[in-house]
Amino acid sequence: MRLNWALYGSLSCTLMVVLICGAFAFRLTKTPSATQSATFNVDASSQSARVMPDNLFGIFFEEINHAGAGGLWAELVSNRGFEAGGKNTPSIFDPWVKIGNDSNILVSTDRISTLERNEVALKMEVLCDNDDNSNPCPSQGVGVYNPGFWGMNIEDGQVYNVVLYILSVDSIDLSVSLTSSDGSQNLAQHTIEADEQEFSSWTRIEFELESSGTNSNSRLQITTSKCGTIWLDQVSVMPSDTFMGHGFRKDLASMLADIKPRFLRFPGGSYSQGRRLANAFRWKSTVGSWEQRPGHFNDVWNYWTDDGLGFFEFLQLAEDLGALPVWVIHNGISLNDQINPSSLPSFVEDVLDGIEFARGDPESTWGSVRTEMGHPNPFELKFISIGNQECGNKNYKANYLKFYTAIKAAYPDMKVVTNCDGSNGQLDHPADLYDVHVYTSASDMFSKSQLFDKTSRNGPKAFVSEYAVTGNDAGKGTLVAALAEAGFLMGLERNSDILEMASCAPLFVNNNDRRFNPDAIVFNSSMQFGTPSYWMQQFFKYSNSATYHPSTIQASNYPSLLASAFTWEDTDSNRKYLKLKIVNYGSKVVSLKMSISGLETKISSGGLKTILTSSKLSDENSFEEPNKVVPVIANISRAGETMSVAIAPYSLTSFDLLLESQDLRIFID
């Protein structure tokens, strides 16, 4: 099967991959018991139209499930600075593992590093020597290895940038290699040789390794066969080929780009708060050179992060995706403790410094730090969310007002988000947006398409920063969860006059560390796939800035249908489309009569029909079947202002109809 998208613009470039699923068809394994008649009427007149927000749908990143460390951030070495065991030495240095036994090498941590904020280094006391017949080293040498995050994915012909710091008064002969998990397959190797005293002060070494093979379960190995004492610190291996050259794992970041998010909310969630204040995300500790970042223990999700994915990188990622950053700040309240109110001014000042880092002139105090990191132009930071889910805390509103007042005084254009839900009544404090989180069952999520129907049209706008179907029917990402979420998002489109932004949660999960189910994107060291909810979001990526048209869908005694309609423009091809979406959350095939009135331009005779469905509501994607539940695309040969179509049971269907007299050259053969 082959699809020719000539002259169709960028509408479905992402979805081309789904055609591997086979010819377009309803993929139900049993014949539906009945057919339901329904009508779908769209008022496409300009008088009733409304433009939806520019930033309606985006993404929310939280450091959970090893989403960043061992995921989106492409660093291959875990605990690269040996700081994960704490400042008191000797300490554990997991996941580093000693190569050799106590008769030929001793390995420990030592507070000797030259890096001010990273005092801990690794000490290797090599007792064997190949020039000493009484205690020769093993044939493979002795040293340490690092397996990365459940194995390093090393690919044939790819180049990897290696950095490490070395200290030794002895002569050294070190081999730095990328090998298979048992060390038997050598994929790339570099030798570091030095005379006595040459590395008597800490020396930064940088080189490239080009792999001669592929192994998705590799490790970094540092070995020697020469007696002496060597200290190592800040050992890094990064693929040279990353997304936009900015350090993000290319396959994962590309999946984000494919859903065209208009905002990026970061760094959490609960991760931004920390269970304890001492372990909260502190932006100042995550900027500057990566070697100087101390890292911190993610005590909410129970793992170490070296903060290579820091404040600057989040801002850079948003820019690379064409999205606006939404910074969730720490407001002095963690999950299990909080600051004394007398300390709040320093937290407020810290946030103002962060805004200056993002937006300040290159000559400003913090803008100059950003400039030194290679980005003299300001980032487009326009949204600040004051905390996460703390509205019920007795100190939240008092803290909030101090942050709000200071931010607005310095940056009047900044949009400030409160944690307090304003959908059911007027807020008692000023805000530009209010945050709403929706985690519920599939059936309840579908019914929440009406969540904002009765919300006041005056006051702050809603921001659904986290939504997900959870519980038994969610599994690890099921079809039914995706369909319920699609219905919910159609309700958000309908209420987008008072709903400004929405994003799902969580975004990523490393399959080796599932802390929360379900998630949009699943990955391991070498593979990735989207869950049905990820593919569902493909149906909404053109809603941003689109022109919404009111519509009605009616079916007697069948409350399982929801629909939406809007026109959008492909800026690459300057073509306009009318997009019709229908979710059928019931077990019947729907015989649907669609009628479009008020159009000021004609519908071309062609178009595309895209459907997301599967044989079972519980169907999920997996590494074995990554495309079990993905959109399937077909041509529409006869499109017009009236159409009769069949809508599959338990499905999400969209029709993209080309407007005006533009050629639509699409064919499947």
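In this text the structure is predicted, and so the values were computed from the model without any measurement.

**Looking at the environment of Tyr-439**
Here Tyr-439 lies in strand β22 (residues 433-440). C-alpha of Tyr-439 to C-alpha of Tyr-467: the two residues are 28 residues apart in sequence and 5.6 Å apart in space. Those residues in contact with Tyr-439 that sit more than four places away from it in its chain are Glu-466, Ala-468, Thr-470, Ala-505 and Phe-516. Reaching out from Tyr-439, the side chain makes a polar contact with the side chain of Glu-466 at a distance of 2.4 Å.

**Side note on the packing of helix α3 (residues 311-321) against helix α4 (residues 344-359)**
Closest axis-to-axis distance for the α3/α4 pair is 11 Å, and the angle between their directions is 45°. By the angle between their axes, α3 is oblique relative to α4. In the crossing of α3 with α4, the sense of the turn from one axis to the other is right-handed. In this structure, α3 contributes Phe-311, Phe-312 and Leu-315 to the contact, and α4 contributes Gly-354, Phe-357 and Ala-358. For the contact of α3 with α4, the class distribution of residues is five nonpolar, one polar and no charged.

**Some words on the nonpolar core**
Counting 114 residues, the largest nonpolar core has Trp-327, Val-464 and Phe-508 as its most contacted members. No other element matches the eleven residues that helix α8 (residues 479-494) contributes to this core. Once residues within four sequence positions are removed from consideration, Trp-327 is found in contact with Phe-266, Pro-267, Trp-283, Phe-311, Val-351, Gly-354, Ile-355, Leu-381, Phe-383, Ile-384 and Ser-385. With 39 residues, the next largest nonpolar core counts Leu-164, Leu-174, Val-176 and Phe-199 among its residues.

**Overview of the state of the cysteines**
Here is the idea: a disulfide is a covalent bond, and it sits between the sulfur atoms of two cysteines. For the coordinates displayed, the defined rule picks out two disulfides. Disulfide partner of Cys-128: Cys-137, at an S-S distance of 2.0 Å. Taking the sign of the S-S torsion, about 95° here, the bridge from Cys-128 to Cys-137 comes out right-handed. Overall, the relative accessible area of 0% leaves Cys-128 in the buried class. The class for Cys-137 is buried, based on a relative accessible area of 9%. Across the chain, the way the bonded cysteines pair up, counted in sequence order, is 1-2, 3-4. Here Cys-227 stays free of any disulfide, with the sulfur of Cys-128 as its closest cysteine sulfur at 7.6 Å. Judged by relative accessible area, Cys-227 falls into the partly exposed class, the value being 38%.

**Here's the deal with the UniProt feature "domain: Alpha-L-arabinofuranosidase C-terminal" (unreviewed entry) in the chain**
UniProt records the feature "domain: Alpha-L-arabinofuranosidase C-terminal" (unreviewed entry) for residues 465-651 in the present numbering. Here residues 465-651 is 12% helix and 41% strand, with 25 Å between the C-alpha atoms at its ends.

**Brief notes about helix α1 (residues 250-258)**
Residues spaced three or four apart along an α-helix face the same direction, because each turn holds 3.6 residues. Those residues of α1 not exposed but buried are Leu-252, Ala-253, Met-255 and Leu-256. Buried residues of α1, seen end-on, are gathered within an arc of 150° and therefore sit on one face of the element. Considering only its buried residues, α1 is in contact with β4 (59-60), α3, β25 (508-510), β26 (521-523), β27 (528-530) and α9 (532-538). Count one or two residues on from α1 and you reach Lys-260, which has phi positive near 50°.

**Some words on the pairing of strand β6 (residues 105-115)**
Consecutive side chains along a regular strand alternate between the two faces of the sheet. Inspection of the sheet shows β6 paired to strand β7 (residues 118-126) by eight bridges, in the antiparallel sense. Bridge assignment links Ile-105 to a residue of β7, and that residue is Val-126. Where β6 folds back onto β7 in an antiparallel hairpin, the turn is made up of two residues.

**Notes on the sheet that holds strand β13 (residues 199-210)**
The strand order across the open sheet formed by five strands is β6-β7-β15-β10-β13, and the pairing between neighbours is antiparallel. With partners counted over all chains shown, the strands left at the sheet margins are β6 and β13, one partner each. Ignoring which end each strand starts from, the neighbouring axes of this sheet average 30° apart.

**Some details on the packing of α4 against helix α6 (residues 396-410)**
Relative to each other, α4 and α6 sit at 35°, their axes nearing to 10 Å. Considering the relative orientation of α4 and α6, their crossing is right-handed. For the pair formed by α4 and α6, the contact residues are Leu-344, Phe-347, Val-348, Val-351, Leu-352 and Ile-355 on the first element and Asn-399, Lys-402, Phe-403, Ala-406, Ile-407 and Ala-410 on the second. For the contact of α4 with α6, the class distribution of residues is ten nonpolar, one polar and one charged.

Criteria and thresholds
Residues numbered from 1 in each chain as written. Predicted model: local features only at pLDDT ≥ 70, side-chain atom pairs only at ≥ 80, totals over all residues. Heavy atoms only, no water. Helix = DSSP H or I, 4+ residues; strand = E, 2+ residues; numbered from the N terminus. Contact = heavy atoms within 4.5 Å. Polar contact = N/O pair within 3.5 Å; in protein donor to acceptor, adjacent residues only side chain to side chain. Axes fitted to C-alpha atoms, helices over the stretch in contact; angles between N-to-C directions. Parallel < 35°, antiparallel > 145°, perpendicular 65-115°, else oblique. Left-handed = near helix turned anticlockwise from the far one by under 90°. Nonpolar A, V, L, I, M, F, W, Y, C, P; charged D, E, K, R; others polar. Core = buried A, V, L, I, M, F, W, Y, C linked by side-chain atoms within 4.5 Å. Buried < 20%, exposed > 50% of the residue type's maximum accessible area, 1.4 Å probe, protein only. Disulfide = S-S within 2.5 Å. UniProt positions renumbered as here; feature names shortened; annotations may be inferred. Arc of directions from axis to C-beta. Pairing = 2+ DSSP bridges.

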